[in-house]
Amino acid sequence: MASENPSQSYYGIGREALYPQEQLVELGRKGDKLTFGIPKEDNTKETRIPLTPQGVGLLKDNGHQVFMQSGAGLASRFTDTDYSEAGAFIVSNKKEIFSKDIVVKVSSPNKEEIGLMKERAVLVSLLNYAEMEANVLKMIMQKKVTAIAMDLLMDEHQSFPVVRSLSEIEGNVAVMVAAQQLGFEDGGKGVLLGGVTGISPTELVILGAGTAGTVAAKAALGLGAEVKVFDQSISKLRDLVNNLGQNVFTSNLHPNVLSKALKSADAVVGTLRFLYGSKRFMVTNELVQLMKPGAVIIDLSVDQGGCFETSSPTTLKKPLYKAYKIKHFCLAGISMLVPRTASIAFSNILTQLFLEVGDRGGVMSYIKEDKGFCNGVYCYQGILTNHYIGSRFNLPSKDIGLLLAAF
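The structure presented is a predicted model; accordingly, all values stated were derived computationally and were not measured.

## Quick look at the side chain of Gln381
With respect to the element layout, Gln381 can be found in the loop between β14 (377–380) and β15 (383–384). You can call Gln381 buried: its relative accessible area is 17%.

Pasting the structure below:
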């Protein structure tokens, strides 16, 4: 899927090739001191924060400045004192935060936030396809902002470190939520997720054998549940069995086999992810209606359209709804339920990345140098560079490799 990202077609200058002095000068001076602004999120929609006090401390020790909006870390149980002692500047004015050269936040920006940013600034955030709005994207382009999606950043192994880390967390959280929702409260079935001697174990169906699916399967097996995993990729299923053993049922997404599994399932976790317009598999309304009343659906892919036709994004305030007597838990970014853990995961990745960006002469230089970082750019100085987003909103986009050659 990742290969369909237009930015991956750009084969940037390899680090080992940066020996001539003229090339170093062209890419920018080394040791740039960066200035970051981290705003307070709307805690009804987002509880995570991109940098922990420890991350701020590392950036400060390397000469960078971090400005935090007062109360930004409270939902993740980090206080203003924690951040100020680590070297952050605590300010109450939201406008001042968004006036910084680099704005870093977890949730995708809204119209008001983009309005507060200065021209040609840099925005680093998650890219929520399901909630992205055309008017916000147009404002990003008008202000010539360089927008970078954390979830599209790649490492040297061609994998997505932010997505992988969040998937590990969300796989565990999904099983935790399934166990809670199968209990007595909120009209649950009143059953234990797992197995008890003399009682048939509960059945958990998982759609997707990637990181989140594998972690969820491992957690559910540990509780004694009967686990069935479906995926379009035989190689992913093979890797899952190699990791977890033969006591987990696996199958391709065959309609008849899946239909039978859904009929007896107590809970279903959807983890299939479909980026860049790839062919989508969705559980139809008819298949959902076959499930037992009181069963639970947890859709971890709802931010990309979901794995079920009955899926609809929910909020922290009201994460649960029922459709056809089936409980649906479709919170986009379910790791928000464990914000401190998720924030540490973000910070571990972003802190090292920002240190590298500073050492390499700043954001624009690093985009040219590092192919994985370049992969996260979906808007370069106001020019849309992600063809999938462009086609969705009927906006023109350009190949970032050609743009970098011209700038």
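## Examining the pattern of salt bridges
By the definition in use, this model includes 10 salt bridges. Note that Glu46 and Arg48 form a salt bridge whose closest N and O atoms lie 2.7 Å from each other. The residues Glu46 and Arg48 share a single accessibility class, namely buried. Glu203 is paired through a salt bridge with Lys228; the nearest N and O atoms lie 3.7 Å apart. Of this pair, Glu203 sits in strand β7 (residues 203–207) while Lys228 sits in strand β8 (residues 226–230), and the two are 25 residues apart along the sequence. Each member of the pair, Glu203 as well as Lys228, carries the same accessibility label: buried. The network of salt bridges with shared partners includes Glu41, Lys105 and Glu113.

## Quick look at the sheet that holds strand β12 (residues 320–323)
Two strands in a sheet stick together by hydrogen bonds in their backbones, pointing the same way (parallel) or opposite ways (antiparallel). The sheet built from 7 strands is open, its strands ordered β9-β8-β7-β10-β11-β13-β12 with mixed pairing. Strands at the two margins of the open sheet, each flanked by one partner only, are β9 (249–251) and β12. Taking the axes of each pair of neighbouring strands and ignoring which way they run, one obtains an average angle of 20 degrees across the sheet. Where β7 lies against strand β10 (residues 267–270), 4 bridges are found, and the strand directions are parallel. In the strand pairing of β10, Leu204 is matched with Ala267. This element, helix α7 (residues 161–181), spans β10, β11 (296–299), β12 and β13 (326–329) of the sheet and lies at about 155 degrees to β11.

The rules behind these values
Residues numbered from 1 in each chain as written. Predicted model: local features only at pLDDT ≥ 70, side-chain atom pairs only at ≥ 80, totals over all residues. Heavy atoms only, no water. Helix = DSSP H or I, 4+ residues; strand = E, 2+ residues; numbered from the N terminus. Buried < 20%, exposed > 50% of the residue type's maximum accessible area, 1.4 Å probe, protein only. Salt bridge = Lys/Arg side-chain N within 4 Å of Asp/Glu carboxyl O. Pairing = 2+ DSSP bridges. Axes fitted to C-alpha atoms, helices over the stretch in contact; angles between N-to-C directions. Contact = heavy atoms within 4.5 Å.

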